[in-house]
Amino acid sequence: MLNMNHGGHEIFDTHEILAGLINVLDLYQVLDQHIKDPALKANLHHQYTYILDVYNISVEAFTTGKDPSHSSPPYKMNQSNEVIYGLTPSQPKKPNQSVNDMNEQGVSGHMLGLIKSTGSLLAMSAAEITNPVLRRVVADSVPNFIEMAYEIFLYQNKNRFYQVPQLTQKDMTQMIQSYAPSLNSHMN
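All figures in this text were calculated on a predicted structure; none of them were measured in a lab.

Thresholds, definitions, all that
- Residues numbered from 1 in each chain as written.
- Predicted model: local features only at pLDDT ≥ 70, side-chain atom pairs only at ≥ 80, totals over all residues.
- Heavy atoms only, no water.
- Helix = DSSP H or I, 4+ residues; strand = E, 2+ residues; numbered from the N terminus.
- Rg over C-alpha atoms; globule rule 2.2 N^0.38 Å.
- Buried < 20%, exposed > 50% of the residue type's maximum accessible area, 1.4 Å probe, protein only.
- Contact = heavy atoms within 4.5 Å.
- Areas by Shrake-Rupley, 256 points an atom, 1.4 Å probe, with all protein chains shown as cover.
- Lys, Arg positive; Asp, Glu negative; His and termini not counted.
- Charge placed at Lys NZ, Arg CZ, Asp CG, Glu CD.
- Phe/Tyr/Trp six-rings, centres within 6.5 Å; stacked < 30°, edge-to-face > 60°.
- Core = buried A, V, L, I, M, F, W, Y, C linked by side-chain atoms within 4.5 Å.
- Salt bridge = Lys/Arg side-chain N within 4 Å of Asp/Glu carboxyl O.
- 1 Å grid on protein atoms, 1.4 Å probe; cavity = no way out; pocket = protein on both sides within 12 Å on 5 of 7 lines; lining within 4 Å.
- Points joined across faces, edges and corners; volume = space filled by probe spheres on them.
- Nonpolar A, V, L, I, M, F, W, Y, C, P; charged D, E, K, R; others polar.

Participant: Describe in detail the overall build of the protein chain, supporting the description with residues and values.
Facilitator: Each helix and strand counted, the protein chain has five helices and zero strands in total. Element order for the protein chain, N to C, with α for helix and β for strand: α-α-α-α-α. Since a compact globule built from 188 residues should have a radius of gyration of about 16 Å, the 20 Å found for the protein chain marks it as more spread out than a globular shape. Principal-axis analysis of the C-alpha atoms places the extent of the protein chain at approximately 60 × 60 × 30 Å. A buried classification covers 37% of the 188 residues belonging to the protein chain. Taking the intrachain contacts of the protein chain between residues at least 6 apart in sequence as the baseline, contacts between residues at least 24 apart amount to 79%. By element, 59% of the accessible surface of the protein chain is carried by carbon and sulfur atoms, the whole surface being about 12100 Å². Across the protein chain, the mean location of the 12 positive side-chain charges is 8 Å away from that of the 17 negative side-chain charges.

The structure is reproduced here in structure tokens:
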């Protein structure tokens, strides 16, 4: 029997989530054709498999309103989380002249945008999903999409596609020390 404990707004949000997950999966298939780097290809395939599982679990929770047959394990990156700081000279970016110009920098940029926007959608929607099982499935996916986005950022950073500038030591120290803990333990 079809589960009917969903609000109207939740139905629309869930359709947007499921359609969004399908779009990510479809676009990952398109992007896969343009990847030569085995490391990026492995990331894409690892993420694709994980997102497909999230999609299937979400469909199951949405249609039944019950706990899915299994829960998604936490997403595990396949690389270290060392960030390279600083800027190195690079060529200015510009649009490709044709789809044949797609490369790892562009593909990983598309992947990052897709995963960040999907993670944001999941976070915004989870707060208003009335079915507690579906809400938990969607909410539990958010940290995993953050982890996937971070994995793509690390790939881009390692390849100098995403450079991370830093402030001077003096400015960094001033910014870090510009807040102090509150001594209030309650409201007055």
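Continuing now.
Participant: Explain the packing of aromatic side chains residue by residue, including any values.
Facilitator: The geometry of an aromatic ring pair is captured by the separation of the ring centres together with the interplanar angle, meaning the angle of the planes. For the structure on display, the rule yields four aromatic pairs. A ring pair is formed by phenylalanine 153 and tyrosine 162, whose centres lie 4.8 Å apart and whose planes are at 85°; its orientation type is edge-to-face. Residue class for phenylalanine 153 comes out buried when judged on its relative accessible area of 13%. Through a chain of ring-to-ring contacts, three or more aromatic side chains come together here, namely Tyr150, Phe153 and Tyr162.

Participant: Tell me what's going on with the nonpolar core, and back it up with residues and numbers.
Facilitator: Taken as a class, soluble globular proteins show a tendency for nonpolar side chains to be buried jointly. The biggest cluster of nonpolar side chains holds 43 residues, and the ones touching the most others in it are Tyr28, Ile51, Met111, Ile115 and Phe145. If one sorts the elements of this core by residue count, helix H4 (residues 132-158) sits on top with 13 residues. Beyond its immediate stretch of four places on either side in the chain, phenylalanine 145 contacts Leu21, Ile51, Val54, Ile115, Thr118, Gly119 and Leu122.

Participant: Mind laying out the pattern of salt bridges, listing which residues take part and the relevant values?
Facilitator: On inspection of all chains with the given rule, the structure shows two salt bridges. The salt bridge involving lysine 41 is made with aspartate 32; its shortest N-O contact spans 3.0 Å. Take lysine 41: its relative accessible area is 26%, and that puts it in the partly exposed class. We note a salt bridge from arginine 136 to aspartate 140, for which the minimum N-O separation is 2.7 Å.

Participant: Any details on the environment of histidine 9? Residues and values, ideally.
Facilitator: Turning to its location among the elements, histidine 9 is positioned in helix H1 (residues 8-32). Judged by relative accessible area, histidine 9 falls into the partly exposed class, the value being 48%. As for histidine 9 and threonine 130, which are separated by 121 residues in sequence, their C-alpha atoms are 9.1 Å apart.

Participant: With reference to specific residues and values, describe the layout of surface pockets.
Facilitator: Reported here for the largest pocket is a volume of approximately 320 Å³. For the largest pocket, the lining is made up of 13 residues, of which Lys93, Lys94, Asn96, Asn103 and Gln105 are closest to its centre. Looking at the lining of the largest pocket residue by residue, the classes come out as three nonpolar, seven polar and three charged. Around the second largest pocket, the lining residues are Val54, Ile57, Ser58, Pro68, His70, Ser71, Ser72, Arg136, Val137, Asp140, Ser141 and Asn144. Tallying contributions element by element places H4 first for the lining of the second largest pocket, with five residues. When the residues that make up the lining of the second largest pocket are grouped by side-chain class, the tally is four nonpolar, six polar and two charged.

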